[in-house]
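Architecture and fold: a report
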Amino acid sequence: VSFSFGSNQVLGKDSFIELLIPQGNSWDFDCQNIYGAAYVYLSCLNLCKSSPCILDKLVNIGSCVNQFRERVYSITSHNQLTFLVKNRRDGTYQNDIFPCDNGVCVDYSKVCNLVNDCGDWTDERNCKNNFGCHTNNEILPLSKVCDGSIDCFDFSDECNDQCIGNKMIISSLVVTVTGWIIGVLAMVLNLKIIPYSLKSINSSKTNESLANNTLLILINLGDLLVGLFIVTISAHNLYYGSSYCKMQLEWLTSASCSFVGVLNSVGITVSVLSMTTLSLFRVTSVSRSFPILSPVSGKEKLKLVIITFSIVTAALFTALIPL
């Protein structure tokens, strides 16, 4: 059997292969979404833009040990001894075999197909239709690179030179400026209001006034914590800048990130529970036909202490205990 391996028309087979490609010039055709045998043939026939031929070594008689026992030996166009394998379906002889570096051989359909068929990644290593994550052997189609969704464990599909431009904790300038304004105002105003509210508690003459002032202080405290959260996030956004994407894993696993998460959760929970409790108090008072303002009693103070403790405990439990 005479066989010409690596010719300009046929690669690895003794019959012509029909490939359907888009119309137009070959340099306009991008093979980044083509895989397997089609990718091999198109790239090695110079029909793919920026995709060199993946077949960098010939199959010889020492290739594919313990595979393809029914071989037919032949001479290549380079006068080297090789072998062919008979296709039992159509009776043709073919040499569409890719030799991996570890001695295993796979057919062209398993080359550049996003799967480690060789076992040593040789079949995917030089392909231009995939993206290899930086710190592990995971590979992705190019369509998943810079698509806004993290697919690599090390974030490298989104944190690279191609798409690192606008990766920050807060990417919008409007949101950044608004965050600073709201955060600083929330902290300053609530720090000013809380001491005044504490004085109001001491001067409360009725149970209703005492309950209102106590719950308002809790609302102020919750808003203060949320303001501190916003300012802390804004400060870290300024600190990391455009390098945040590459340092995202460091930030997400840091104690600072956990701290601001607890701040936000506690602040929101305290505010919501306090406002809900205050609303219940007011509804109860309004629903009375003849509301009577009763003087402050020790029993009412104890009830408010229990309510305050319950709200703070619930907020801490929500923030610190994982779901």
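Here the residue index of a chain counts from 1 through its sequence in written order. pLDDT decides what is reported in this predicted model: residues at 70 or higher carry local features, side-chain atom pairs at 80 or more are listed and counted, and totals for whole chains, interfaces and linings draw on all residues regardless. Side-chain numbers here rest on the full set of heavy atoms in the structure, without hydrogens or water.

Strands are runs of DSSP state E lasting at least two residues, helices are runs of H or I lasting at least four, and both sets are numbered from the N terminus onward. Tracing the chain through its elements places Ser156 in the loop between strand E7 (139-141) and helix H3 (173-202). Two N or O atoms form a polar contact when they lie within 3.5 Å of each other; inside protein one atom must be a possible hydrogen donor and the other a possible acceptor, and for residues adjacent in sequence the pair counts only when both atoms belong to side chains. Polar side-chain contacts of Ser156 include one of 2.7 Å to the side chain of Asp154. Contact definition: two residues touch when any of their heavy atoms are within 4.5 Å. If sequence neighbours within four positions are ignored, Ser156 has contacts with Phe131, Cys133 and His134.

As a further point, take the packing of aromatic side chains. A pair of Phe, Tyr and Trp rings is counted when the ring centres sit within 6.5 Å of each other, with Trp represented by its six-membered ring. The angle between the planes then sorts it: under 30 degrees is stacked, over 60 is edge-to-face, the rest tilted. According to the stated counting rule, one finds 5 aromatic pairs in the structure shown. Measuring from ring centre to ring centre gives 5.7 Å for Tyr41 and Tyr108, while their planes differ by 75°; the resulting arrangement is edge-to-face. With a gap of 67 residues between them, Tyr41 in helix H1 (residues 37-44) and Tyr108 in the loop between strand E5 (105-107) and helix H2 (122-125) connect regions that are remote in the sequence. Partly exposed residues are those whose accessible area sits between 20% and 50% of the maximum for their type, while under 20% is buried and over 50% is exposed, using a 1.4 Å probe and protein chains only. By relative accessible area, Tyr108 is classed as buried at 1%. Both rings, one in Tyr240 and one in Trp251, keep their centres 6.0 Å apart while their planes meet at 65°; by these two values the pair is edge-to-face. In this pair, Tyr240 is assigned in helix H4 (residues 207-240) and Trp251 in helix H5 (residues 248-252), connecting sequence segments 11 residues apart. Tyr240 gets classed as buried once you look at its relative accessible area, which sits at 8%. In this structure an aromatic cluster arises from ring pairing among Tyr239, Tyr240, Tyr244 and Trp251.

Leu215, Ile233, Trp251, Val270 and Ile311 are the most contacted members of the largest nonpolar core, which has 19 residues in total. Broken down by element, this core gets its largest block of residues, 7 residues, from H4. Beyond its immediate chain neighbours, meaning those up to four positions away, Leu215 contacts Ser274, Thr277, Leu278, Phe281, Ile307 and Ile311. Buried Ala, Val, Leu, Ile, Met, Phe, Trp, Tyr and Cys residues that are joined via side-chain atoms within 4.5 Å together make up what is termed a nonpolar core.

With that settled, the discussion passes to a nonpolar patch on the surface. In this analysis, a patch consists of residues with relative accessible area above 30% that form no salt bridge, clustered at 9 Å for like charges and at 5 Å for the nonpolar side chains Val, Leu, Ile, Met, Phe, Trp and Tyr. Computed with the Shrake-Rupley method and a 1.4 Å probe, the accessible areas treat only the protein chains shown as cover for residues. A pairing counts as a salt bridge when a side-chain nitrogen of Lys or Arg comes within 4 Å of a carboxyl oxygen of Asp or Glu. A cluster of nonpolar side chains, contributed by Leu173, Val177, Trp180, Ile181, Ile182, Val184, Leu185, Val188, Leu189, Ile193 and Leu238, occupies part of the molecular surface with about 1,000 Å² of accessible area. The element contributing the most residues to the nonpolar patch is H3, with 10 residues. Residue position: Val184 is located in helix H3. According to the relative accessible area criterion, Val184 is partly exposed, its value standing at 39%.

So, on to H4. The span one expects for a helix is its residue count, reduced by one, times 1.5 Å. The end-to-end C-alpha separation of H4 is 50 Å, in line with the 50 Å expected for 34 residues at 1.5 Å each. Among the residues trailing H4, Gly241 stands out with phi positive, at a value near 60°.

Residues are said to line a cavity or pocket when one of their atoms sits within 4 Å of a point; the points come from a 1 Å grid over protein atoms alone, cavities being sets where a 1.4 Å probe fits but cannot get out and pockets being open sets with protein on both sides within 12 Å along at least five of seven lines. Grid points are joined across faces, edges and corners, and a volume is the space filled by probe spheres set on the points. Applying the stated rule across the entire model yields 1 cavity of 30 Å³ or more. Taken as a whole, the largest cavity spans an internal volume of roughly 40 Å³. Residue assignment for the lining of the largest cavity shows that the elements contributing at least two residues are strand E4 (97-99) and H2. Residue type decides the class: Asp, Glu, Lys and Arg count as charged, Ala, Val, Leu, Ile, Met, Phe, Trp, Tyr, Cys and Pro as nonpolar, and the leftover types, Gly among them, as polar. When grouped by side-chain class, the residues that make up the lining of the largest cavity number 3 nonpolar, 2 polar and 4 charged.

The subject of this paragraph is the packing of helix H6 (residues 255-287) against helix H7 (residues 298-320). An axis is simply a line fitted to the C-alpha atoms; with a helix, the fit covers only the stretch in contact. Between two such axes, the angle follows the N-to-C directions and lies from 0 to 180 degrees. Across the interface, H6 lies against H7 with an axial gap of 8 Å and an inter-helix angle of 145°. As for how H6 packs across H7, the hand of that crossing is right-handed. Here Val262, Ser265, Val266, Thr269, Val270, Leu273, Ser274, Thr277 and Phe281 of H6 lie close against H7, whose contacting residues are Glu300, Lys303, Ile307, Ile311, Ala314, Ala315, Leu316, Thr318, Ala319 and Leu320. Per-class residue counts for the contact of H6 with H7 are 12 nonpolar, 5 polar and 2 charged. Take the far helix as the reference: if the near one is turned anticlockwise from it by less than a right angle, the crossing is left-handed, and if turned clockwise, right-handed.

The subject of this paragraph is the sheet that holds strand E3 (residues 93-94). For two strands to be treated as a pair, DSSP must find at least two bridges joining them. With antiparallel pairing, 3 strands are arranged side by side in an open sheet as E1-E2-E3. Both edges of this open sheet fall to strand E1 (71-75) and E3, since each of them pairs with a single strand only.

Mapped onto the secondary structure, Ile170 falls in the loop between E7 and H3. You can call Ile170 buried: its relative accessible area is 16%. For the pair Ile170 and Ile233, spaced 63 residues apart in sequence, the C-alpha separation works out to 8.6 Å. Every residue in contact with Ile170, bar those within four places of it in the chain, is listed here: Val175, Thr176, Ile233, Ser234 and Asn237.

The disulfide criterion used throughout: a pair of cysteine sulfur atoms within 2.5 Å. Here the structure, examined in full by the defined rule, presents 6 disulfides. Shown here is the disulfide that connects Cys31 with Cys48, its sulfur atoms set 1.7 Å apart. Between Cys31 and Cys48, the disulfide has an S-S torsion of -80° and is therefore left-handed. Of this pair, Cys31 sits in the segment before H1 while Cys48 sits in the loop between H1 and E1, placing them 17 residues apart in sequence.

Don't take any of this as a statement about function, it's just geometry.
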